[in-house]
Amino acid sequence: MLPRQQIRNIGVSAHIDAGKTTLSERILFYTGKIHQMHEVSDRSGATMDYMALEREKGITITAAAVTCFWRDLQLNLIDTPGHVDFTIEVERSLRVLDGAVLVLDGVAGAQPQTLTVNRQMQRYQIPRLIFINKLDRTGADPLAGLASLRETLGLTPVLLQYPIGIEERFAGVIDLIEMQAHYFEGEAGERWVQRPIPTVLRAAATAAREQLLDQVSLLSDQITLDMLTGNPVSSQLLWQTIRQATLDLTLTPVLLGSALRNIGVQPLLDAIGRYLPSPSDRGAIEATDVATQAPAAIAPMPDAPAVALAFKLIDDEYGQLTYVRLYAGRLAPGDTLYNSRTRQKARIARLIRIEVNQRQSIEAVAAGDIVGLIGIDCASGDTLCAAERLVALEGMTVPEPVLTLALTPRRQADIARLEKALQHFTKEDPTLQVKPDPEQQRTLLSGMGELHLEIYLERLRREYQIEVQVGPPAVAYRETLTRAASFDYMLEQPAQTGSAGQFAQVVGQIAPCDDAFQFSNCLPKEKLAEPLAAACEQGFQDAVQTGWLKGYPVVGVQVTLTAATQRPLASTPLAFRFAARRAFEQAFSQAQPVLLEPLMQLEIATPADFVGVIQSKLLARRALLLGTEVRAEVTIL
């Protein structure tokens, strides 16, 4: 096992189509993890996009983890999706990572999902590097991208490189710290060549370096002194100052390149080791002692009792694979861990080094690493710890679903299998919710968007061979009355041979009320026996469940029974129940019934530029705007 200082737990995040999966593929190639690069558009797909659906659609759906080595560093790399529908994959990855690479499209700059990912990084205080990608494309402008980082994301970017050419002439980058031109030759850019800066770019590179020194000198007295006295500023001093500023979230280093053209990836790997934190640099994390509920600090010490966070689950035919970040202690196969939420213990059957969709058994792991466990039954966000120190780590933020579909199996035999499949899916993905719809006898599946739900419907077909009918959920309308109305209903069926007939008469009124349903019986027991009174109440309840305007349940009604007539033998509970139901129908039609629409509370986060457009769209849909609030760089409606 490597020392903690030589481990980097990092994620690659970006807006969709910014090129992060292509960048991850280059990282795996240059670190020797793979021997041939594949593109997202290839039939075989990129290495990190291992699911068949990912390769077919050309997008990343689930976060994939892999361990690779660069120089003397171990990189635990997680490639996260860029589509907003799969934001939980970014959320739970950032929860356990120490650093991140935020990929920016060199043409589009900061995009909507870039803001979301940046907010997630800020929530967990993740130091990051910015990689401005696609500088070989028409319209690429790294300086505009730098401005969008400052203005849109509110970061303080520091440019560490200067481009050699731009758009189709983009050929390499200039390192502004060592003042060397970097080129990437060979069929796959594997030959990293350093040469003197081209003469035509020397003045521009010098000006860019001066701007870099001005920014960094604000954080170092020694750099300021060297600049004032005319002494050269050493590269080592610049690296140390930028590293500390990155860890403090004061500065954000910016590097340039084109992953598709194999330009700038190796310097990025050096920057990951040079500027992003190791598990030791992140220090102790906060937890709660399960027994005393007192705050506790978990330091990344290998000799301490084990504490790990389960942040991702994969449930397949081989059982549950649990991705964990080990914050303290050591783990080995055969060890027993306690789930601080369920108080249950479980034994680790196997310890896995996660290699995308491959599983490589390992014998031991120490604090700071990210590994997979087999044999542990838990949920995403659970804390797993040694018996001698039961603590609970802070969980992750799970956004509420925004779209719901109603599912009905095409075959009756698939009902139980559908329930089992959805249980597996919801265990893997906390943003997926399943609820029954008793009114329509269907299953409601809620998720983060159309694409999110479409993926799981496709998985139902492929993995479980379940065909379902899909439609929008029924709107949960309700009926109510707007004024009081009286009823006087008599049920009379004449006696027949062998039967005493049926007789019941109920008199009273219905009126609006605040509760869903109220029943008041004003008659003493000698006037109306208790079984008959109970039958009346049941009949009124039957009526409000049925609805009489459009067939939706009735709410907000009070029924008062003021008189009743009964006959020996002919007045049965069944007769009074039926009479009460018909009496309610008689009065409800005279009480000016109306249909109630459901209300929902909605919160929208948007950049300030779009507030006016969104407000007009909401008002056009009869929304009632309750207020606005400005948080950081976004406005909350």
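A brief look at the structure comes next.

Rules used in this analysis
- Residues numbered from 1 in each chain as written.
- Predicted model: local features only at pLDDT ≥ 70, side-chain atom pairs only at ≥ 80, totals over all residues.
- Heavy atoms only, no water.
- Core = buried A, V, L, I, M, F, W, Y, C linked by side-chain atoms within 4.5 Å.
- Buried < 20%, exposed > 50% of the residue type's maximum accessible area, 1.4 Å probe, protein only.
- Contact = heavy atoms within 4.5 Å.
- Pairing = 2+ DSSP bridges.
- Helix = DSSP H or I, 4+ residues; strand = E, 2+ residues; numbered from the N terminus.
- Axes fitted to C-alpha atoms, helices over the stretch in contact; angles between N-to-C directions.

Observations concerning the nonpolar core
Of all hydrophobic cores here, the largest spans 56 residues; its most connected members are L23 and I272. Contact partners of I272, with chain neighbours within four places excluded, come to R8, I10, L75, V101 and L129. Counting residues in hydrophobic clusters, the runner-up holds 50 residues, among them A63, A100, C385 and L393.

Observations regarding the sheet that holds strand β32 (residues 517-521)
Spatially, four strands are ordered β30-β31-β33-β32 in an open sheet, and the strand pairing comes out mixed. Both edges of this open sheet fall to β30 (485-493) and β32, since each of them pairs with a single strand only. Within this sheet the neighbouring strands show an average axis-to-axis angle of 25 degrees, counted without direction. As paired elements, strand β31 (residues 502-512) and strand β33 (residues 557-565) share eight bridges and run antiparallel to each other. Looking at the pairing, I510 lines up with V559 of β33. Contacts from helix α13 (residues 530-546) reach β30, β31, β32 and β33, with the element oriented near 155 degrees to β32.

Quick look at the pairing of strand β11 (residues 252-256)
In terms of burial, β11 is largely enclosed, as five of its five residues are buried. Taking every second residue as pointing to the same face, both faces of β11 are buried, with T252, V254 and L256 on one and P253 and L255 on the other. As paired elements, strand β5 (residues 128-133) and β11 share three bridges and run parallel to each other. When the bridges of β11 are listed, F131 appears paired with L255. Here strand β6 (residues 157-159) pairs with β11 via three bridges, running parallel. Bridge pairing links L159 to V254 in β11.

A word on unusual backbone geometry
With phi around 50 degrees, M179 is a residue other than glycine that occupies positive phi space. Inspection of the secondary structure assignment puts M179 in the loop between β8 (172-175) and β9 (180-185). We classify M179 as partly exposed; its relative accessible area is 22%. Residues other than glycine seldom take positive phi values, yet L569 does so here, at roughly 70 degrees.

Any functional reading would require information beyond the geometric quantities listed.
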